[in-house]
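Each chain is listed here by its residues.
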Amino acid sequence: MSAAGAALEAAGAAAGAEAQASGEVQEPPAPALDAGAGYKMTAEGVSVLYSGKEAVRNVTMGFKERSVTALIGPSGCGKTTFLRCLNRMHDMTPGAVVTGRITLDGVDLYSRDVDPIYHRRKVGMVFQKPNPFPTMSVYDNVVAGLRLNGVRDRRALDEIAEDSLRMAFLWDEVSDSLSKPAVELSGGQQQRLCIARALAIQPEVLLMDEPASALDPIATQKIEEAIVDLKRELAVIIVTHNMQQAVRISDYTGFMYMGDLIEFRDTRKLFTDPRHRLTEQYVKGTFG
């Protein structure tokens, strides 16, 4: 960790400790889900340990269909660790243990009866750094997952490729150059290509880990437009370090700190009337 990063982390810890000591910050509320909320996906009492060390503690959240949920908090607070639980990506991490319950349409995703590969078709993921397949064209990148799952009909592939690129706000820019190598696209275009690739397999939930953090303002705006449009079709869960971005695009926001979910509620309310002193300090820029 850099000296600046260490200083920020220390400042955040000091702010949290001071608020706790003064009694201004309550402990995170007991986990609870609204039984009548009609969640698409839920996490109940989820914790993550790496080689016995706890990185996420007892997180409970519900994610509704056709909505955008943002996860915010300082670096290292557990946002990405928690996000990866929702796609069973920790299955591939040596020493990682996930406890608690995560459901999609009421089905426990960590049940022995659930095939993680099949699950990842329902819960797609877009990473922080664009990762198009470097040896493939724009078109082949989009349809790669479909071909892997046995789709061979060219007409079907063409239709899904166009629909996915349109949903990612990229079709107008690449429709005349689908055979172009994907690595020749700009960084922002590559990220939207990765979104299109994730959408091509028709997921029901899309996870996004800081998808615009390395992009310029114009590319970021296009990514945000795509996210807002996508919630017409599916649930989107995004990790972002940019609080203004969370305000612009999300319906609900969860604030995490040192592995705990401190507050989770309607985005507007969390930013304008936070319930917890630590949330207030963070959204006002006191630390982080």
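This structure is a prediction, so every number in the text was calculated from the model and none was measured.

1. Side note on the overall build of the protein chain
- Counting its secondary structure elements, the protein chain contains eleven helices and ten strands.
- Split into buried and exposed, the 288 residues of the protein chain put 46% on the buried side.
- Taking as baseline every contact in the protein chain between residues at least 6 positions apart, the subset at least 24 positions apart corresponds to 66%.
- Surface exposure of the protein chain reaches about 14000 Å², of which carbon and sulfur atoms provide 49%.

2. So, helix H5 (residues 154-167)
- With 14 residues, H5 should reach 20 Å at 1.5 Å per residue; the first-to-last C-alpha distance of 20 Å fits that figure.
- Those residues of H5 that sit buried are Leu 157, Ile 160, Ala 161, Ser 164 and Leu 165. Taken around the axis of H5, the buried residues stretch over an arc of 130°, which confines them to a single face.
- Its buried side turned inward, H5 meets helix H4 (138-148), helix H6 (171-174) and helix H7 (187-200).
- The opening residue of H5 is Asp 153, an N-cap whose side-chain oxygen sits 3.2 Å from the backbone nitrogen of Arg 155.

3. Side note on the packing of H5 against H7
- In the contact formed by H5 and H7, the axes pass within 8 Å of each other and the chain directions differ by 130°. In this view, H5 runs oblique relative to H7, as classed from their interaxial angle. Between H5 and H7 lies a crossing of right-handed hand. Only Leu 193, Ala 196, Leu 199 and Ala 200 of H7 make contact with H5, whose side of the interface consists of Ile 160, Ser 164, Leu 165 and Met 167.
- The class makeup of the residues in the contact of H5 with H7 is seven nonpolar, one polar and no charged.

4. Points about the side chain of Thr 267
- Among the structural elements, Thr 267 can be located in helix H10 (residues 267-272).
- Residue classification places Thr 267 among the buried residues on the basis of a relative accessible area of 3%.
- Those residues within four positions of Thr 267 in sequence are excluded, and the remaining contacts are Ala 246, Val 247, Ser 250, Asp 251, Tyr 252 and Thr 253.

5. A short note on the sheet that holds strand E7 (residues 205-209)
- The mixed open sheet is built from six strands, whose spatial order is E6-E7-E8-E3-E9-E10. For this open sheet the edge positions go to strand E6 (123-126) and strand E10 (260-266), each flanked by a neighbour on one side alone. In this sheet, adjacent strand axes meet at a mean angle of 15° when their direction is disregarded.
- Strand direction decides the pairing type here: E7 and strand E8 (residues 235-239), joined by five bridges, are parallel. In the strand pairing of E8, Asp 209 is matched with Val 239.
- Lying on the sheet, H7 is in contact with E6 and E7; it crosses E6 at an angle near 170°.
- Each of strand E3 (68-72), E7 and E8 is contacted by helix H8 (residues 217-230), which is oriented at about 145° to E8, the strand it contacts most.

6. Re the confidence of the model for the protein chain
- Mean pLDDT over the protein chain works out to 89, with 88% of the residues at or above the 70 mark.
- Predicted confidence for residues 1-17 stays below pLDDT 50, and this span has eleven contacts to residues more than four positions away or in other chains.
- pLDDT under 50 marks residues 19-26. Its contacts with residues more than four places away, or in other chains, come to eleven contacts.

7. Overview of unusual backbone geometry
- Even without glycine at this site, Arg 66 takes up a positive phi of about 50°.
- Within the secondary structure layout, Arg 66 lies in the loop between strand E2 (53-64) and E3.
- The backbone of Asp 105 sits at a positive phi, close to 55°, despite the residue not being glycine.
- Inspection of the secondary structure puts Asp 105 in the loop between strand E4 (96-104) and strand E5 (107-108).

8. Observations concerning the pairing of E10
- When strand E9 (residues 252-257) meets E10, the two strands line up antiparallel, connected through six bridges. If you follow Thr 253 over to E10, its bridge partner there is Arg 265.
- Where E9 folds back onto E10 in an antiparallel hairpin, the turn is made up of two residues, including Met 258, whose phi is positive at roughly 50°.

Cut-offs and rules
Residues numbered from 1 in each chain as written. Predicted model: local features only at pLDDT ≥ 70, side-chain atom pairs only at ≥ 80, totals over all residues. Heavy atoms only, no water. Helix = DSSP H or I, 4+ residues; strand = E, 2+ residues; numbered from the N terminus. Buried < 20%, exposed > 50% of the residue type's maximum accessible area, 1.4 Å probe, protein only. Contact = heavy atoms within 4.5 Å. Areas by Shrake-Rupley, 256 points an atom, 1.4 Å probe, with all protein chains shown as cover. Expected span 1.5 Å × (residues − 1). Arc of directions from axis to C-beta. Polar contact = N/O pair within 3.5 Å; in protein donor to acceptor, adjacent residues only side chain to side chain. Axes fitted to C-alpha atoms, helices over the stretch in contact; angles between N-to-C directions. Parallel < 35°, antiparallel > 145°, perpendicular 65-115°, else oblique. Left-handed = near helix turned anticlockwise from the far one by under 90°. Nonpolar A, V, L, I, M, F, W, Y, C, P; charged D, E, K, R; others polar. Pairing = 2+ DSSP bridges. pLDDT = per-residue confidence, 0-100.

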